[in-house]
Amino acid sequence: MALEVETKDCTALSDAEISEMAELVTGENVHFDVGHLSKQRDAWVLVTHVRDGTKLAAYGFCTLERVGGDPTVLMGAGATRRSARRDSALRAMMTDQLRRAVLAFPDEDVLVACQMADAAAFTAFKPLDRVVPRPGYEPNGEDRAWGRRLAKRFDVQGEYKAREFKVYGDGGPSFVLNHTAPRPEKLDSAMIGLFDGFDTANGDALIAFGWASREDLAKLL
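Residues numbered from 1 in each chain as written. Predicted model: local features only at pLDDT ≥ 70, side-chain atom pairs only at ≥ 80, totals over all residues. Heavy atoms only, no water.

Chemist: Is there a simple way to explain the overall build of the protein chain in this structure?
Modeler: What the protein chain contains, in helices and strands, is six helices and 10 strands. Scaling as 2.2 N^0.38, a compact globule of 221 residues should have a C-alpha radius of gyration of about 17 Å, and the protein chain matches this with 16 Å. Taking the principal axes of its C-alpha atoms as reference, the protein chain extends roughly 45 × 40 × 35 Å. Summarising the internal contacts of the protein chain: among those between residues at least 6 apart in sequence, 74% fall at separations of at least 24. Within the structure as shown, the protein chain displays about 10,300 Å² of accessible surface, and the carbon and sulfur contribution to it stands at 47%. Across the protein chain, the 28 positively charged side chains and the 34 negatively charged ones have centroids separated by 2 Å. (Helix = DSSP H or I, 4+ residues; strand = E, 2+ residues; numbered from the N terminus. Rg over C-alpha atoms; globule rule 2.2 N^0.38 Å. Contact = heavy atoms within 4.5 Å. Areas by Shrake-Rupley, 256 points an atom, 1.4 Å probe, with all protein chains shown as cover. Lys, Arg positive; Asp, Glu negative; His and termini not counted. Charge placed at Lys NZ, Arg CZ, Asp CG, Glu CD.)

Written out as structure tokens, the structure reads:
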């Protein structure tokens, strides 16, 4: 069965849908309850739902705007159902958000950014170039400037360390893209190392970003 994807204004998000989203992931260090998601509804412009039949498979808040003058897809709280199709659901959500980006910013490269608490979330960034941070790459001053800019835009709580692209939480939730791998043993150990020492229950998160080229975006139309 094909996955169905819909992106709509957050103002159209009902309380029943908020409850459904809150039930997608429970019993983990990173999960968002109805109260958290209601605040996200007020803070973001768009929300994407991915359905597998009648079941919600993934969701993610986002907004399209210019950050530092550059066209940007900012991803807020998001999550995937812990099913065998979670990677496919994440890709479907990402593709729909990128399609909206090319409509909003034609003929431009677009920055995509989110907060993460698990290496598996980098699955969303597979279509992107120049991903930061990444194993084996030494970020430059411009990369660190982007990290600080994004930390401010995400209004992160706790302490942000620009050289690590890491948010040290203050005990509250960090509004990350909550995705785990169906087969964690297949994850790149160097990628996992980016999350060494993380205390997700404390709200620790990694700020990550990458670029979608205008050529790749044009293929989505």
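Chemist: What is the right way to read helix α1 (residues 15-22) from this model?
Modeler: Residues spaced three or four apart along an α-helix face the same direction, because each turn holds 3.6 residues. Of all the residues in α1, the buried ones are Glu17, Ile18, Met21 and Ala22. Seen from one end, α1 has its buried residues packed into an arc of 140°, which puts them on one side. Of the surrounding elements, those touching the buried residues of α1 are β1 (3-9), α2 (34-43), β2 (46-52) and β3 (55-67). (Buried < 20%, exposed > 50% of the residue type's maximum accessible area, 1.4 Å probe, protein only. Arc of directions from axis to C-beta.)

Chemist: I would appreciate a short explanation of the nonpolar core in the present structure.
Modeler: One broad rule of soluble globular proteins: the nonpolar side chains tend to lie buried together. Of all hydrophobic cores here, the largest spans 70 residues; its most connected members are Tyr59, Phe61, Phe122, Phe125 and Leu150. Apart from the residues lying within four places of it in its own chain, the contact partners of Tyr59 are Met21, Leu24, Phe32, Leu37, Thr48, His49, Ala77, Gly78, Ala79 and Met93. (Core = buried A, V, L, I, M, F, W, Y, C linked by side-chain atoms within 4.5 Å.)

Chemist: Even after reading the chapter, I still don't get the pattern of salt bridges, so can you show me in this structure?
Modeler: Pairing is possible between side chains that carry opposite charge, provided their charged atoms lie close to one another. Across all of its chains, the model carries 12 salt bridges by this definition. With a closest N to O distance of 3.2 Å, Asp15 and Arg41 form a salt bridge. Within this pair, whereas Asp15 is found in helix α1, its partner Arg41 is found in helix α2, the two being separated by 26 residues in sequence. For Asp15, a relative accessible area of 56% puts it in the exposed group. One salt bridge connects Arg66 with Glu108, and the closest N-O pair in it is separated by 2.7 Å. Highlighted residues: Arg66 in strand β3 and Glu108 in the loop between α3 (86-104) and β5 (110-116), separated in sequence by 42 residues. In this structure Glu108 comes out as partly exposed when scored by relative accessible area, which is 25%. Overlapping salt bridges bring together Asp109, Arg130 and Arg214 as one network. (Salt bridge = Lys/Arg side-chain N within 4 Å of Asp/Glu carboxyl O.)

Chemist: Any chance you could explain the environment of Val47 here in plain terms?
Modeler: Counting through the fold element by element, Val47 comes out in strand β2. Residue Val47 is classed as buried on the basis of its relative accessible area, which comes to 0%. Residues Val47 and Leu24 lie 23 residues apart in sequence; the distance between their C-alpha atoms is 15 Å. Leave out the neighbours within four places in its chain, and Val47 touches Glu6, Thr7, Lys8, Cys10, Leu13, Met21, Gly60 and Phe61.

Chemist: What should I look at first to understand the packing of α1 against α2 in this one?
Modeler: The interhelical angle for the contact between α1 and α2, taken along N-to-C directions, is 125°, at an axis separation of 9 Å. Of the possible angle classes, the one that applies to α1 and α2 is oblique. As for how α1 packs across α2, the hand of that crossing is right-handed. Residues Asp15, Ile18, Ser19, Met21 and Ala22 of α1 form the contact with α2, whose participating residues are Val34, Leu37, Ser38 and Arg41. (Axes fitted to C-alpha atoms, helices over the stretch in contact; angles between N-to-C directions. Parallel < 35°, antiparallel > 145°, perpendicular 65-115°, else oblique. Left-handed = near helix turned anticlockwise from the far one by under 90°.)

Chemist: What is the right way to read the side chain of Ser213 from this model?
Modeler: Looking at the secondary structure, you find Ser213 in the loop between β10 (205-212) and α6 (214-218). For Ser213, a relative accessible area of 12% gives the class buried. Within the structure, Ser213 has its side chain in polar contact with the backbone nitrogen of Asp216 (distance 3.1 Å). Setting aside anything within four residues of it in sequence, one finds Ser213 in contact with Asp109 and Asp129. (Polar contact = N/O pair within 3.5 Å; in protein donor to acceptor, adjacent residues only side chain to side chain.)

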